[in-house]
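# Reading the structure
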Amino acid sequence: MGKGKGRATAATKTRYGRIAPIYDFIEILPELRYSSWRKRFWEIVRGELSRGSRLLEVGVGTGKNMPYWPQGIRFTAIDLTPGMVARARQRAAKLGVEAEIMEGDAQSLQFLDDSFDAAAATFVFCSVPDPVLGLQELARVVRPGGSIFLMEHVRSTDPIKGKLMDLVNPIVRNLMGPNINRDTVENVKRANLAISNVEDLDRGGIFKIIHARKLSSFEEGSN
Ligand SMILES: C[S@@+](CC[C@H](N)C(=O)[O-])C[C@H]1O[C@@H](n2cnc3c(N)ncnc32)[C@H](O)[C@@H]1O
């Protein structure tokens, strides 16, 4: 990883380390909206997986998805920020959920190629300093044909709202961590993943569930 990316990753870790102790508190209001979206997201994931599938959740945060995790799946979860990992472990213990939870960077995952049947992340690729590299890493550790599921907020396609998001972005990023003006659907394509479906969650087209697939070498050859 280059020096610039290393610095950006360290800054992201510091920002999330700062808010980890209050993350659940500051998310109380947004969560009123997100909880039904999380339910929907994991229903989609469950529909694509079979019993015993291995799933990697990247950027697990404090483990807000755990109550929605489908049963019968083998979960591994990583997060860049130690304070988040500690909280995710506490939540897993409280809920009686079995998972391997550890520190890790989406941009340089510690797993071997093709280790998982699928990967999932919610509200993470707005924060990963090099999102295309992170998505390529997800593709590397997922088996060919495996799924990658994302729930993300993206830059508005409305020109005025989009410009406003660009203006406000540095403030939000420096205070909290996320970028609010990313085109994550485009980033998924840049990472050479095949988009299976994009579902809009809100009328403004800002919140989306993206289902993509890692192409098999046969499919890549015929592309
Ligand atoms: C907005 S929070 C979302 C947390 C959780 N997924 C949720 O839905 O509540 C973003 C999370 O991504 C993590 N993160 C940011 N950059 C990361 C990276 N490069 N690798 C792994 N996790 C990262 C942060 O530490 C933080 O926990």
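Just above, that's the structure.
For the structure given in this document, a descriptive report is provided here. This structure is a prediction, so every number in the text was calculated from the model and none was measured.

## Some details on the pairing of strand 5 (residues 142-153)
Burial of strand 5 is extensive: 9 of the 12 residues sit out of reach of the surface. Across 6 bridges, strand 4 (residues 116-122) lies against strand 5 in parallel orientation. Bridged to F116 within strand 5 is V142. Handedness of the crossover joining strand 4 and strand 5 through helix 5 (residues 131-141): right-handed. With 7 bridges connecting them, strand 5 and strand 7 (residues 207-213) associate as antiparallel partners. Bridge pairing links H153 to F207 in strand 7.

## Notes on the environment of D79
As for its placement among the helices and strands, D79 is situated in strand 2 (residues 74-79). Expressed as a C-alpha distance, the spacing of D79 and G104, which sit 25 residues apart in the sequence, is 5.4 Å. In this structure D79 touches G59, V60, G61, M84, V85, A88 and E103, once residues within four positions along its chain are discounted.

## Considerations on the site of the ligand
Taken together, 23 residues form the shell around the ligand, and within it G59, G61, L80, T81 and A106 come nearest. Among the elements of the structure, helix 1 (3-19) and strand 2 are those that each provide at least two residues to the shell around the ligand. The leading source of residues in the shell around the ligand is helix 1, at 3 residues.

## Description of helix 6 (residues 159-175)
Here helix 6 contains 17 residues, and its C-alpha end-to-end distance of 25 Å stays within 8% of the 24 Å for a straight helix at 1.5 Å per residue. Maximum bend of helix 6: about 45 degrees, positioned at V168, with proline P170 one to four residues after it. Looking one or two residues past helix 6, G177 carries a phi angle of roughly 130 degrees, positive in sign.

## Quick word on the sheet that holds strand 1 (residues 54-58)
Reading across from one edge, 3-2-1-4-5-7-6 is the order of the 7 strands in this open sheet, with mixed pairing throughout. Every other strand in the sheet has two partners, leaving strand 3 (99-103) and strand 6 (194-200) as the edge strands with one partner each. The mean inter-strand angle of the sheet, taken between neighbouring strand axes irrespective of direction, is 15 degrees. Pairing analysis gives 3 bridges linking strand 1 to strand 4, with the strands arranged parallel. Note on strand 4: the bridge partner recorded for L55 is A118. Together, strand 1, strand 4 and strand 5 form the strand contacts of helix 5, whose direction differs from that of strand 5 by roughly 145 degrees.

Calculation notes
- Residues numbered from 1 in each chain as written.
- Predicted model: local features only at pLDDT ≥ 70, side-chain atom pairs only at ≥ 80, totals over all residues.
- Buried ≥ 20, exposed ≤ 12 C-beta atoms within 10 Å, placed from the backbone.
- Helix = DSSP H or I, 4+ residues; strand = E, 2+ residues; numbered from the N terminus.
- Pairing = 2+ DSSP bridges.
- Right-handed = clockwise from strand over helix to strand, strands pointing away.
- Contact = placed C-beta atoms within 7 Å.
- Near = placed C-beta within 6 Å.
- Expected span 1.5 Å × (residues − 1).
- Bend = angle between axes of the 7 residues up to and from the residue.
- Axes fitted to C-alpha atoms, helices over the stretch in contact; angles between N-to-C directions.

The values are spatial; any link to function lies outside them.
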